[in-house]
Amino acid sequence: MKVTVIGGGTMGNGIAHVFAQFGNETNLVDVKQDYLDRAMNTIEKNLNRQVKKEKIAQAEAESTLARLHPSTTLDVAADSGLVIEAVFESFSVKQDIFKQLDGICKPDAILASNTSSISLTKIAACTSRPQNVIGMHFMNPVPVMKLVEVICGQATSEETLSRVTGWAEDLDKVPVTVQDYPGFISNRVLMPMINEAVYCLMEGVAERDAIDTVMKLGMAHPMGPLTLADFIGLDVCLDIMEVLYEGFGDSKYRPCPLLRRMVDAGQLGRKSGKGFYEYA
Ligand code: CAA
C-alpha cells in the first residue's frame, strides 16, 4: 500500500518508520527540508538500534529506508490509500491540512489523524468525506509500543474502521477501538495520573524520585509518572489536561499549577533539556 505521513516529529517519524518497515511505500511530508533530514536521521538511528538488538536484519533496515520518500509537498499524497497526519496539536493547522487533503487524495483514501486529544468528529467535518476520517493514535516510541488507539468520529464508517484495524494488525500492532470523547482512553486515564503525581510533588507529599519509585516498583510501570511526563513533554501533558478540563467541565481535570509554571518557564522535559529531571 502507498502511505503518506504528515509531520516528521517524534510521532510522525516513528509512524513512517513502522509503515515502511512493514513493506509500505511511505511518503514523509514536512514543511522544511531541514525537518525531513532530521526525521530521516532519527529513523536511521532507530533502525540501527533494531539491527544491533537483532530485532531486524541489516538488509531490512536498508529496504525500510529505501521505501521512505521525504517530501515538502502534500501533493505526493494523491495516490496514497492511507494518509496519517501527525503534526503538532493545533486544530487550525490540522483543519488546513485536512481541507487540502480532501482536494488532493483519491475519493476512497482514508484520512487518519494521530491526534492525542483533538476531536476526530471536528477534524472529519473539515472534509467532504467524514466517513473516511478516523483516528490512529500511536504511542511513543512507535517502533516499540504495541498499541494503536483507533478513534471513531461521529461519521466514521464501519468499512473505514475495519480497513484501519486490519492495517494496524499488519504492522504487528494491537488496535483498540474507542469512541470520540476527550482524551479517548489513553490520555483520559494516563494524564490525570501524571497530573496527580505533579500535585504530589507540589504539595511535598514526597520527593520526585520517591514518587516515580512508588509507581515503578509498586505498580510495575516501566517509567515513573514524572519521568514519563518528561518523555512525553510537559507542554503536551498540559495541553491534554486543558482538553480534558474543557471537554468535561469537571474540576477533577484541573491542570496542576506546578505543571503550568514549568511549561511557562520553558521546562518541557527531555526535549528542552530540563523538566522534572535534567538531560545532557
Ligand atoms: N525505536 C526503536 N526501538 C526503540 C526505540 C525507538 N525509538 N526506543 C527504544 N527502543 C527499544 C530498545 O532498543 C530496546 O529494545 P530491546 O527490548 O530489544 O532491548 C527497547 O526498546 C527498550 O529500550 P531501552 O532498553 O533503551 O530502555 P527501556 O527498557 O527503559 O525502555 C521504553 C524504554 C520502551 C521507552 C520504556 O521505558 C517504556 O515503555 N516507557 C513507557 C512509554 C510510554 O508510556 N509511552 C506512551 C507515552 S504516551 C503517548 O505516546 C501518547 C500520548 O498521546 C501522549
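Residues numbered from 1 in each chain as written. Predicted model: local features only at pLDDT ≥ 70, side-chain atom pairs only at ≥ 80, totals over all residues. Heavy atoms only, no water.

Q: Describe the site of the ligand, listing the residues and the values that go with them.
A: Every one of the 18 residues lining the ligand counts as a neighbour, but Lys53, Lys55, His137, Asn140 and Asn187 are closest to it. Within the side chain of Asn46, a nitrogen or oxygen atom sits 3.3 Å from a nitrogen atom of the ligand. Here an oxygen atom of the ligand and a side-chain polar atom of Lys55 are 3.1 Å apart. Protein burial of the ligand: of its 1000 Å² of free accessible surface, 70% is covered by the chains. Only α2 (33-52), α7 (186-202) and α9 (225-232) provide two or more residues apiece to the shell around the ligand. (Near = heavy atom within 4 Å. Polar contact = N/O pair within 3.5 Å; in protein donor to acceptor, adjacent residues only side chain to side chain. Areas by Shrake-Rupley, 256 points an atom, 1.4 Å probe, with all protein chains shown as cover. Helix = DSSP H or I, 4+ residues; strand = E, 2+ residues; numbered from the N terminus.)

Q: Go over the packing of helix α1 (residues 10-21) against α2, please, and point to the residues and values.
A: In contact at an axis separation of 10 Å, α1 and α2 are set at 55° when each is read in the N-to-C sense. For the element pair α1 / α2, the angle class is oblique. Taken as a pair, α1 and α2 cross one another with a handedness that is right-handed. Only Ala39, Thr42, Ile43, Asn46, Leu47 and Gln50 of α2 make contact with α1, whose side of the interface consists of Asn13, Ala16, His17 and Gln21. Taken together, the residues that form the contact of α1 with α2 break down as four nonpolar, six polar and no charged. (Axes fitted to C-alpha atoms, helices over the stretch in contact; angles between N-to-C directions. Parallel < 35°, antiparallel > 145°, perpendicular 65-115°, else oblique. Left-handed = near helix turned anticlockwise from the far one by under 90°. Contact = heavy atoms within 4.5 Å. Nonpolar A, V, L, I, M, F, W, Y, C, P; charged D, E, K, R; others polar.)

Q: Which residues make up the domain arrangement of the protein, and what values go with them?
A: Its domain assignment divides the protein into domain 1 (2-179) and domain 2 (187-269). On a C-alpha basis, the centres of domain 1 and domain 2 stand 27 Å from each other. At the junction of the two partners, domain 1 supplies six residues and domain 2 supplies five residues. Looking only at domain 1, the three residues that lose the most surface to domain 2 are Ser116, Ser117 and Asn140, adding up to 72% of its buried area. Taken together, the links from domain 1 to domain 2 amount to zero salt bridges. Our count for the domain 1 to domain 2 interface comes out at one residue pair in polar contact (both at pLDDT 80 or more). (Domains from an automatic or database assignment. Buried area = accessible area lost by both parts, 1.4 Å probe. Salt bridge = Lys/Arg side-chain N within 4 Å of Asp/Glu carboxyl O.)

Q: Requested: an account of helix α11 (residues 257-264), with residues and values cited.
A: For α11, the set of buried residues is Leu258, Leu259, Met262 and Val263. Within α11, the buried residues cover an arc of 140° as seen down the axis, which keeps them to one side. Away from the buried face of α11 by more than 90 degrees, exposed residues Arg261 and Asp264 are located. Looking at the buried side of α11, the elements it contacts are α7 and α10 (234-248). Positive backbone phi, approximately 80°, marks Gly266, located one or two places after α11. (Buried < 20%, exposed > 50% of the residue type's maximum accessible area, 1.4 Å probe, protein only. Arc of directions from axis to C-beta.)

Q: Summarise the packing of α7 against α9; cite the residues concerned and give the values.
A: Remark: α7 packs on α9, axes separated minimally by 9 Å, with the N-to-C direction vectors making an angle of 115°. Where α7 crosses over α9, the handedness of that crossing is left-handed. Between α7, through Leu190, Met191, Met193, Ile194, Ala197, Val198 and Leu201, and α9, the contact on the second element is made entirely by Pro225, Leu226, Leu228, Ala229 and Ile232. Residues that form the contact of α7 with α9 fall into these classes: 12 nonpolar, no polar and no charged.

Q: Explain the pattern of salt bridges to me, and be specific about the residues and the numbers.
A: Summed over all chains, the structure comprises 10 salt bridges. The salt bridge partner of Lys94 is Glu89, with a shortest N-O separation of 2.9 Å. The exposure class of Lys94 is buried, given its relative accessible area of 1%. Where Lys146 meets Asp172, a salt bridge forms, and the shortest distance between an N and an O atom there is 3.3 Å. In this pair, Lys146 is assigned in the loop between β6 (133-138) and β7 (147-152) and Asp172 in the loop between α6 (158-170) and β8 (174-179), connecting sequence segments 26 residues apart. The class for Lys146 is partly exposed, based on a relative accessible area of 42%. Asp172 gets classed as partly exposed once you look at its relative accessible area, which sits at 46%.

Q: Explain the nonpolar core to me, using residue names and the numbers behind them.
A: Ile15, Phe19, Leu28, Leu82, Ile84, Met136 and Phe138 are the most contacted members of the largest nonpolar core, which totals 35 residues. Breaking this core down by element, the ones donating at least two residues are β1 (2-6), α1, α2, β4 (82-85), β5 (110-113), β6, β7 and α6. What Leu28 contacts, discounting residues up to four positions off in sequence, is Val5, Gly7, Gly8, Gly12, Ala16, Leu36, Ala39, Met40, Ile43, His69, Pro70 and Ser71. (Core = buried A, V, L, I, M, F, W, Y, C linked by side-chain atoms within 4.5 Å.)

Q: Before we move on, can you summarise the sheet that holds β4 with the specific residues and values?
A: Each strand in a sheet pairs with its neighbour through backbone hydrogen bonds, running either in the same direction (parallel) or in the opposite one (antiparallel). The strand order across the open sheet built from eight strands is β3-β2-β1-β4-β5-β6-β7-β8, with neighbouring strands paired in mixed fashion. Each of the sheet's edge strands pairs with one partner strand only, and the pair in question is β3 (68-71) and β8. For this sheet, the mean inter-axis angle between neighbouring strands, taken without regard to orientation, is 25°. Sheet topology places β7 next to β8; six bridges connect them, and they run parallel. Along β8, the bridge assignment pairs Val148 with Pro175. Sitting on the sheet, α1 is in contact with β1, β2 (25-29), β3, β4 and β6, with an inclination near 165° to β2. (Pairing = 2+ DSSP bridges.)

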